[in-house]
Every structure is written in structure tokens, then in C-alpha cells.
Amino acid sequence: MTSTRQCRAGHRGQVFNPYTEFKEFSRKQIKGLEGHVRQYDTGRDNFIDLMELKLMMEKLGAPQTHLGLKNMIKEVDEDIDGKLNFREFLLIFRKAAAGELEDDSGLMSLAKLSEIDVTTEGVKGAKSFFEAKVQALSAASKFETEIRAEQEERKRQEEEQKNRRAAFKELKSAFN
């Protein structure tokens, strides 16, 4: 997945942006999940097909039957193409967090590979519910903070490069 912007949002025909659509996940989590997709996308077509999903599940220690794999894809395959794009892959984790997956389903095994602890998102009493609510509300500000930190780092690197160029020009002029 060189760019998540290349991934279409299925039937809507809009360009998919995981950071705005999946606000419950941090940028780091999304990048980690994107890395998992990239790792198993052996065809380099930005999709996880049946055989790639089979390999992924085997590596996770949760092998599935051919029919089980088809059912896993079918559960989140919004564009009904028989394979998972990155948006559909993220849907697995959203459904796991919402408690919409069976504990013994292959998708739940897949969801457990991430850093996202799906058990903290479900409503297991008022405390858990409100903690999940607060976390969801703070996700937007966390996203902005991560972007700001990346921008500051980029500015620092540009300033450092500018200073190195100036020092080089000064040194170069001494030899001319």
C-alpha cells in the first residue's frame, strides 16, 4: 500500500482516507496495520486475496479452511470483489472493537494481531463504556498532535539542512 489514497471506498466512489474515516485508531496504529497488509500483499496489488489471507492466518497461528477464509472475506467485503482492500481490512478491527465479531471467528483471530486491544472498547459496564467514549473523543486531538509533531520534526530537519548548506557555501567561498 504505497498510498492509502489509492484505495477506493468501494461503492461510494470517493477517495479513502483512513485517518478521517477511522478516527478511533491513532496514526501509528493505522500505519502498523498498513504494514501488515503490505507484508502479506505478495501480489503487490494493494489487496489481500484468498491465498494471501490464508498465508496470513497460518503465520498468525490460526489457520482456516478454504470456506472459512471465504466467509472471513465476505463478512467485510463491501465491494464484493472477493478480496480485502485496506479499508475493508480496517473494518475488521472496527467490528472487533465494537464487539461485532464472534470470539471463535477467523476475523477475531486476525484482529488480535494488532496493538489494538479490542476488549477495552466493548461495553462491559458503565466505566468501560465511558472510558471508550472519552478515548474516541480525544482521538481527534491525538491525531492533530501527531501531525503537529511530524510537521515540527520536518521543519527542524529542513532548518538543519539549510544551516549545513550555508556552512558549506561559506567554506566553499574560502577556497575560491
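Residues numbered from 1 in each chain as written. Predicted model: local features only at pLDDT ≥ 70, side-chain atom pairs only at ≥ 80, totals over all residues. Heavy atoms only, no water.

Bringing unusual backbone geometry into the picture now. Its identity is not glycine, yet Arg44 carries a phi of approximately 50°, on the positive side. Examined against the element boundaries, Arg44 turns out to sit in the loop between helix H2 (27-40) and helix H3 (50-59). At Asn46, a position not held by glycine, the phi torsion is positive, near 65°. Looking at where Asn46 falls in the secondary structure, it is placed in the loop between H2 and H3. Take Asn46: its relative accessible area is 22%, and that puts it in the partly exposed class. (Helix = DSSP H or I, 4+ residues; strand = E, 2+ residues; numbered from the N terminus. Buried < 20%, exposed > 50% of the residue type's maximum accessible area, 1.4 Å probe, protein only.)

Our focus in this paragraph is the pattern of salt bridges. According to the stated counting rule, one finds nine salt bridges in the structure shown. The partner of Arg87 in a salt bridge is Glu78, with the nearest N and O atoms 2.2 Å apart. Arg87 sits in the buried class, given a relative accessible area of 6%. Through salt bridges that share partners, Glu153, Arg156, Glu160 and Arg164 make up one connected network. (Salt bridge = Lys/Arg side-chain N within 4 Å of Asp/Glu carboxyl O.)

Let's shift gears to the UniProt feature "domain: EF-hand" (unreviewed entry) in the protein chain. In the numbering used here, UniProt assigns the "domain: EF-hand" (unreviewed entry) feature to residues 28-63 and 64-99. Counted over residues 28-63, helix gives 64% and strand 0%. Its end C-alpha atoms are 27 Å apart. (UniProt positions renumbered as here; feature names shortened; annotations may be inferred.)

Looking at where Asn71 falls in the secondary structure, it is placed in helix H4 (residues 66-76). We classify Asn71 as partly exposed; its relative accessible area is 43%. On a C-alpha basis, the gap between Asn71 and Leu107 in space is 9.4 Å, while along the polypeptide they are 36 residues apart.

Right, let's get into the packing of aromatic side chains. The tally for this structure, following the rule as stated, stands at four aromatic pairs. Geometrically, the ring pair formed by Phe16 and Phe86 is edge-to-face, given 6.4 Å between the ring centres and 65° between the ring planes. Taken together, the positions of Phe16 in the segment before helix H1 (18-21) and Phe86 in helix H5 (residues 86-97) put the pair 70 residues apart, joining distant regions of the chain. Pairing Phe22 with Phe25 gives two aromatic rings, centres 6.2 Å apart and planes at 10°, and the pair type is stacked. For Phe22, a relative accessible area of 0% corresponds to the buried category. For Phe25, a relative accessible area of 6% translates into the label buried. Of the aromatic side chains, those joined through ring pairs into one cluster are Phe16, Phe22, Phe25 and Phe86. Lying over the aromatic face of Tyr19, Arg27 brings its terminal NZ or CZ to 4.7 Å of the ring centre. A cation over an aromatic ring shows up here: Lys83 above the ring of Phe47, its NZ or CZ 4.5 Å from the ring centre. (Phe/Tyr/Trp six-rings, centres within 6.5 Å; stacked < 30°, edge-to-face > 60°. Lys NZ or Arg CZ within 6 Å of the ring centre and 35° of its normal.)

Next up on the list: the nonpolar core. Leu53, Phe86, Phe89, Ile92 and Leu110 are the most contacted members of the largest nonpolar core, which totals 31 residues. Listed by contribution, the elements that provide at least two residues to this core are H2, H3, H4, H5 and helix H6 (106-111). Broken down by element, the residue count for this core peaks at seven residues, all from H5. With residues near it in sequence (within four places) discarded, Leu53 still touches Ile48, Leu69, Met72, Ile73 and Leu110. (Core = buried A, V, L, I, M, F, W, Y, C linked by side-chain atoms within 4.5 Å. Contact = heavy atoms within 4.5 Å.)

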